[in-house]
Every structure is written in structure tokens, then in C-alpha cells.
Amino acid sequence: MRQFEESVYKLIVETSTNLPGDVRRAVNRGRALENEATRAGLALSTITQNINMAEEQISPICQDTGMPTFIIHTPVGVNQIEMKKDIKSAIQRATKNGKLRPNSVDSLTGENSGDNLGPGTPVMHFEQWEEDYIDIRLILKGGGCENKNIQYSLPAELEGLGRAGRDLDGIRKCILHAVYQAQGQGCSAGFIGVGIGGDRTTGYELAKQQLFRPVDDVNPVPELDRLERYIMEAGNQLGIGTMGFGGEVTLLGCKIGAANRLPASFFVSVAYNCWAFRRQGVKIDPATGEIAGWLYPSGSEVPMEEPRQESAATADASLPSKGREVVLQTPITEEQIRSLRVGDVVIIQGEMHTGRDALHKYLMDHDAPVDLNGAVIYHCGPVMLKDEEGWHVKAAGPTTSIREEPYQGEIIKKFGIRAVIGKGGMGPKTLAALQEHGGVYLNAIGGAAQYYAECIKNVNGVDFMEFGIPEAMWHLSVEGFAAIVTMDSHGASLHEGVEKASLEKLASFKEAVFK
Ligand SMILES: O=C(O)C[C@H](O)C(=O)O
Ligand code: SF4
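Per chain, residue numbering runs from 1 following the sequence as it is written. All chains are assigned letters beginning with A, and all ligands numbers beginning with 1, in the order in which they are written. Reporting of local features is limited, given that this is a predicted model, to residues whose pLDDT is at least 70; pairs of side-chain atoms are given and counted only at 80 or more, and all residues count toward the totals for whole chains, interfaces and linings. For side-chain calculations, the full set of non-hydrogen atoms in the structure is used, while hydrogens and water are omitted.

Draft legend 1. Structural detail: the site of ligand 1. Near ligand 1 you find Gln63, Asp64, Arg101, Gly143, Gly144, Arg356, Thr399, Thr400, Arg403 and Lys423, and these make up its full shell. Take Thr399: an N or O atom from its side chain is 2.8 Å from an oxygen atom of ligand 1. The protein chains hide 93% of the 270 Å² of surface that ligand 1 would expose on its own. Classification convention: Asp, Glu, Lys, Arg as charged; Ala, Val, Leu, Ile, Met, Phe, Trp, Tyr, Cys, Pro as nonpolar; all other residues, Gly among them, as polar. Looking at the shell around ligand 1, its residues break down into no nonpolar, five polar and five charged. Here the limits of each domain have been adopted from an automatic or database domain assignment. The residue makeup of the shell around ligand 1 includes at least three contributed by each of domain 1 (1-142 + 279-302) and domain 3 (323-494). Proximity criterion: a residue is near a molecule or strand once any of its heavy atoms comes within 4 Å of it. Any pair of nitrogen or oxygen atoms within 3.5 Å is treated as a polar contact; in protein, a donor-acceptor pairing is required on top of that, and neighbouring residues in sequence qualify only through side-chain atoms on both sides. The Shrake-Rupley method, run with a 1.4 Å probe, gives the accessible areas here. Residue values count only the displayed protein chains as cover.

Draft legend 2. Quick peek at the domain arrangement of the protein chain. By the assigned domains, the protein chain splits into domain 1 (1-142 + 279-302), domain 2 (143-273) and domain 3 (323-494). A C-alpha centroid distance of 23 Å is found between domain 1 and domain 2. Taken together, the 24 residues of domain 1 in the interface contact 25 residues of domain 2. Across the domain 1/domain 2 interface, buried area totals approximately 1,800 Å², and carbon plus sulfur atoms make up 62% of it. Contact with domain 2 buries surface across domain 1, with Glu34, Lys141 and Gly142 losing the most and accounting together for 27% of the total. Only one rule defines a salt bridge in this text: a Lys or Arg side-chain nitrogen within 4 Å of an Asp or Glu carboxyl oxygen. Applying the counting criterion to the domain 1 and domain 2 interface returns three salt bridges. For the salt bridge of Asp216 with Arg29, the shortest nitrogen-to-oxygen distance reads 3.1 Å. There are 13 residue pairs in polar contact (both at pLDDT 80 or more) connecting domain 1 and domain 2. Comment: elements are numbered from the N terminus, with helices defined as DSSP H or I runs of at least four residues and strands as E runs of at least two. If you list the elements that add at least two residues to the side of domain 1 that touches domain 2, you get helix 2 (21-33), helix 3 (39-57) and strand 3 (134-141). The contact rule is simple, with two residues in contact once any of their heavy atoms fall within 4.5 Å. When two parts are put together, the accessible area they lose, computed with a 1.4 Å probe and summed over both, is reported as buried area.

Draft legend 3. Representation of the UniProt feature "domain: Fe-S hydro-lyase tartrate dehydratase alpha-type catalytic" (unreviewed entry) in the protein chain in the model. Feature annotation in UniProt assigns "domain: Fe-S hydro-lyase tartrate dehydratase alpha-type catalytic" (unreviewed entry) to the following positions: residues 6-282. Note that residues 6-282 is 38% helix and 22% strand, and that its end C-alpha atoms are spaced 12 Å apart. UniProt positions are given in the numbering used here, feature names are shortened, and annotations may be inferred rather than shown by experiment.

Draft legend 4. The arrangement of the sheet that holds strand 1 (residues 67-75) in detail. Within the open sheet, the five strands sit side by side as 2-1-3-10-11. Their pairing is mixed. The sheet is open, and its two borders are formed by strand 2 (123-129) and strand 11 (291-294), each paired with just one other strand. Sheet twist, expressed as the mean angle between neighbouring strand axes with direction ignored, is 20 degrees. Two elements, strand 1 and strand 2, share seven bridges in a ladder whose sense is parallel. Bridging across to strand 2, Ile71 finds its partner in His125. We treat two strands as partners when DSSP finds at least two bridges between them. Between N-to-C directions, angles cover 0 to 180 degrees, with each direction set by a line fitted to C-alpha atoms, over the stretch in contact for helices.

Draft legend 5. Region of interest: the environment of Leu168. Within the fold, Leu168 resides in helix 6 (residues 168-182). For Leu168 and Ile196, which are 28 residues apart along the polypeptide, the C-alpha to C-alpha distance reads 9.8 Å. With residues up to four places along the chain from it excluded, the contact list for Leu168 reads Glu223, Leu227 and Phe514.

Draft legend 6. Region of interest: the side chain of Asn443. Along the chain, Asn443 turns up in strand 18 (residues 440-443). Non-local contacts of Asn443, meaning those with residues more than four positions away in its chain, are made with Met243, Phe245, Gly422, Lys423, Gly424, Gly425, Ala483, Ile484, Thr486 and His495.

Draft legend 7. Fine view of a negative patch on the surface. Only residues above 30% relative accessible area that lack a salt bridge enter a patch, with like-charged residues linked at up to 9 Å and the nonpolar side chains Val, Leu, Ile, Met, Phe, Trp and Tyr linked at up to 5 Å. Here Asp and Glu are counted as negative and Lys and Arg as positive; His is not counted, and neither are the chain ends. The location of each charge is read from NZ of Lys, CZ of Arg, CG of Asp or CD of Glu. Taken together, Glu130, Glu131, Asp132, Asp285 and Glu290 make up a surface patch of like negative charges. Within the fold, Glu290 resides in the loop between strand 10 (278-284) and strand 11. Glu290 gets classed as partly exposed once you look at its relative accessible area, which sits at 43%. The classification of residues rests on relative accessible area computed with a 1.4 Å probe and restricted to protein chains. Under 20% of the type maximum is buried, over 50% is exposed, and intermediate values are partly exposed.

Draft legend 8. Summary view of the packing of aromatic side chains. Working definition: rings of Phe, Tyr and Trp (its six-membered ring) pair if their centres are within 6.5 Å, and the pair is stacked with planes under 30 degrees apart, edge-to-face with planes over 60 apart, and tilted otherwise. A complete count under the given rule lists ten aromatic pairs for this structure. Judged by centre distance (5.1 Å) and plane angle (75 degrees), the rings of Trp129 and Tyr133 are edge-to-face. Ring centres of Phe191 and Phe277 lie 4.7 Å apart, and the angle between their planes is 40 degrees; this geometry places the pair in the tilted category. Linking Phe191 in strand 7 (residues 190-196) with Phe277 in the loop between strand 9 (267-273) and strand 10, this pair joins segments that are 86 residues apart in sequence. Residue Phe191 shares its accessibility class with Phe277, and that shared class is buried. Sitting over a ring, as applied to charges here, requires NZ of Lys or CZ of Arg to be within 6 Å of the ring centre and within 35 degrees of the ring normal. Positioned above the aromatic ring of Tyr9 is the side chain of Arg93, whose terminal nitrogen or guanidinium carbon lies 4.0 Å from the ring centre. Seen from the ring of Phe277, Arg279 lies directly overhead, with NZ or CZ sitting 4.8 Å from the centre.

Draft legend 9. Molecular detail of the confidence of the model for the protein chain. Here the protein chain averages 96 in pLDDT, while 97% of its residues score no lower than 70. The quantity called pLDDT is the predictor's confidence in a given residue, expressed from 0 to 100. In the predicted structure, residues 311-319 sits below a pLDDT of 50 and forms seven contacts with residues beyond four places in sequence or in another chain. Our summary of model confidence lists the complex with pTM equal to 0.96 and ipTM equal to 0.99.

Draft legend 10. How the structure looks around the nonpolar core. To form a nonpolar core, buried Ala, Val, Leu, Ile, Met, Phe, Trp, Tyr and Cys residues must be joined to one another through side-chain atoms within 4.5 Å. Ranked by internal contacts, the top residues of the largest apolar core, which has 107 residues, are Ile192, Val268, Ile348 and Ile421. Ignoring sequence-local partners within four residues, the contact set of Ile421 consists of Ile348, Met352, Val376, Ile377, Tyr378, His379, Leu442, Ala444, Phe481 and Ala483. Leu11, Val78, Ile91 and Leu100 belong to the second largest nonpolar core, which has 24 residues in total.

Draft legend 11. Geometry of the side chain of Gln185. Checked against the element boundaries, Gln185 lands in the loop between helix 6 and strand 7. Once residues lying within four places of it in the same chain are set aside, the contact partners of Gln185 are Gly144, Lys148, Thr400, Ile402, Lys423 and Gly424.

Draft legend 12. Structural context of the pattern of salt bridges. Taken as a whole, this structure holds 23 salt bridges when the rule is applied. Note that Asp22 is salt-bridged to Arg279, the shortest N-O span being 2.7 Å. With Asp22 in helix 2 and Arg279 in strand 10, this residue pair connects regions lying 257 residues apart in the sequence. When the shortest N-O distance is used, the salt bridge between Arg31 and Glu36 registers 3.6 Å.

In C-alpha cells form, the structure reads like this:
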């Protein structure tokens, strides 16, 4: 097993940087359904470009490389203790080389271990089997979509759908509700794995196991096959669309499994995975530790077509189209902000500052280390590497903004911030502050970490390294950083609109389908 550590390293790099072929096909199918001149179409074009850039540069598709989770099957007699050591060493090496972001945070102290190792990380599930080879699969599922996982206990009363009973139709309602409640925050269009039954723990495990099924397989259980097809069809009618921008494509895959349950319990567990659905696997020779084959089609076999030249002739007036394009140099004035409307595309030039959970909490009762008057705050936890010349950005897409809702409004007003960039939108408190102070919320395309990293021309400095790399406040010089206004200073919010419309649509699926 001399080569085992190297094989795991290759698996990690491939999973993080090259979206598998079956997932790419699903993204391509989705893109073909969406008009390119719409916001959702623009988002899918950016996603496509990003997938290609990550493969070419062998860099993370998304900066959130998730909770590395390995499912390992070994022949009897293989030393699992040695394998665990090698897996940990490969994880450490991949983190050091910028293929994984340091993502393991002490839940009590907030300290980032820096190498993705720590209590409970990485996750490793071992199982013995009677085959003569090792099967090792890895999923890198990010925190934003993990936060959108949901577990239902039947019977339940569901918003928009009414009562969900302990039957197939009740299950149907739970799954549709799960897609609705995620909105764009888990970087739709998404893939869902569903576990019916089990207990609270094994239900979620079953849901995650479904994510290891090939995107194009057919469920061998006829009722579940029917349910999967139904959910794909109905889920895509909710109109949430890519990044919650509205549109035709909300779901790219749905896989459902069932396990027995206790008489008193009836759980439906849903694992939501973003479009950046990073999972791969390898067969390994137990004698040498070498890779004997890959378990999912390689991304390199399925090209992602780069955006076509858009033309007015293809624009459908009934769809939400992109607005004007406005270039803004930082620092930004109130007047410039007040002229922006939901739908406008803003191109930022100048400096922006990253800030997420730790920074927002800190700024509530401390001063900022830099002047934030007219500034742009970017909800982003980048992958960074340091060499003799200084820091380099390896991946830098947006994080889910709603986590900052308790703080954002006050912070905008306290420091004079003019623009906040993130993804998934924010709530009424932030919207009110944007209106009062003259601010704007810009939605960047979640997961497009290579696309945005390329816009960052210099790392001007960093504060709060003690928060760890993702949570530190990075000061970045950007050129041509594009994002869409989804909340403006006149009280308009695209997110509010899409949520309301999708709830109405959800309610149209109230009637029983599976009797
Ligand atoms: O942690 C991050 O960088 C992003 C996270 O996966 C998210 O979707 O919010
Ligand atoms: S930012 Fe989006 S694409 Fe990246 S891990 Fe989070 S949910 Fe997935």
C-alpha cells in the first residue's frame, strides 16, 4: 500500500478541481433550458466558465471545499488504521497546496486548525466487503448547501402544502418543500439526496448516500423512480432558478432511498447539494495502493460549452432579463448607489474587503481596522496561499449572506458601507438599512470561485488572521468584478419577489398526487 497516500491525494485534487462528467452533463442540460439573456442564463454561463477554469488551473471549483467525507469499502484484512493515517496525510498535503481550504474550526474556541484535521474531520466511514479491491469515494459538500439540508417528521403541517401524512404523498410534499425552502441559498440549481425512514442520524446518512448515485441512473424501486421523476418535473416549476434569480432550472438531480423506520418515527431527510456537486471515487489495488480506475466519468470527457454571443433576437421579453451595466469605482458615493435598480449589473473596480461571520460579530462593538466609508464588503472566505512574494488568491466566490442578517444593517450604517456583495440575498433588516443609508446588495454567482479569483489583481493586506484564513478580513484590489443588484436602495428585493412567487407555485402542488 505504498502508493495509497498518493492515490488519495489524487482523488482529493480531482474531486475539488474537476467537476465529474455526469454532473457536467446535468449542468449542460440545465443551461440549454435557460435563455442566455436572462439573469439565470448569465449565472449559468458564469458557472460554465468557472468549471472550465478550475479544470485548467487545477484549482478549487468553489472556495468552500466542504467537509471532506470518505466512504471506504475494503477487502477483509486490509489495515484500516494505516489507511486513516494516509487519508489524513493526503488531506493535509492538499490543504497546504491550496486544493482544499482550511475548513476545520474548533466549535468552542473558533480556532481554525489550518490543515483540515481535528475532532470529527475528515469524516471517514469504513465498511468491509467481499470484493478484492478497495473502493474509496469522496464528497466535498460545502457549508452553504449543508445549511439547507432539512429533516421532516411526519405527519407535518407544511407552508403552502398543508398536511403531509405518513404516506408517499406526504413524502412528496416534504421533498417539494425542501426545494422551496432552500431558495437560491444553497447555490441552486441543486442536486438532492433524500432518505425516507431510518432514525434522525441514519435518515440523513441515507440521504447523503443517495448523492453517490450516478446522476443519470434509474431508481430500481418503481415507486421511488416515479417520485424522483415527479420531483424533477415539479421542482423545476417552482421558478426559483439558478442562484434564486428566477428561471426554468431549479433542480438538476433528485435521488431517493428508503430504509425501515420505527413505528413511532417517520423521517424524511433531505441533503441539498449545490451545483458544485463534487464527488468522485477510485478503485484501489490493495497490494500496491495504486489507482486501478475511476468510479465516475471524468469531467474532462464532457466539455462545458463556453457562452455564446448573446443577441437581442434571442431575448424573451417575458423573462427577467439582465439590466444595465454600470461600472463603479471604489469608494462609491450615495448618489451612485441611489441610481442603481434591481437587475442592473455592476462592475466593481478598486478595493473591496472580505468579511463574514467572525468579522461581522466583531464589528458590532469594535472599530474597523480600515476606513469603510463608501466601501464594498464582500461576503467571502477565500482559499489563500503564501509564498516569498506574499499572499495569492486561489479561489474566492461569495458565501451565503443571510447569516449576517442580524448584523449587516447596523454595520452598514455605523461604517458608511455602500455595497455588500454575497449570494442568496438578505432579509428585511438589511433591506431597510440599504434604503435608509443608501446602500445596495450585489449578488455574485455562488461557487464561481475561479471566475472571481481572476478579477482580484492584488492582495493589499489582511487583518484578523487570528480568525483563520476564511474568516480574516482580506483587502483586495479588483478589476471587472461583476455582480447583479438584487436589493436596491429603493426598497426593492428580487429575493423577496422570487420567494413569494415560488410559495404561490408551491401551493399549486397541494392536491394529492400519489394516492
Ligand atoms: O464557506 C463558504 O465559502 C461558502 C459556503 O459554502 C456557502 O455556500 O455559504
Ligand atoms: S458557495 Fe455555493 S457552490 Fe460553494 S460550497 Fe457553498 S453552496 Fe456550494
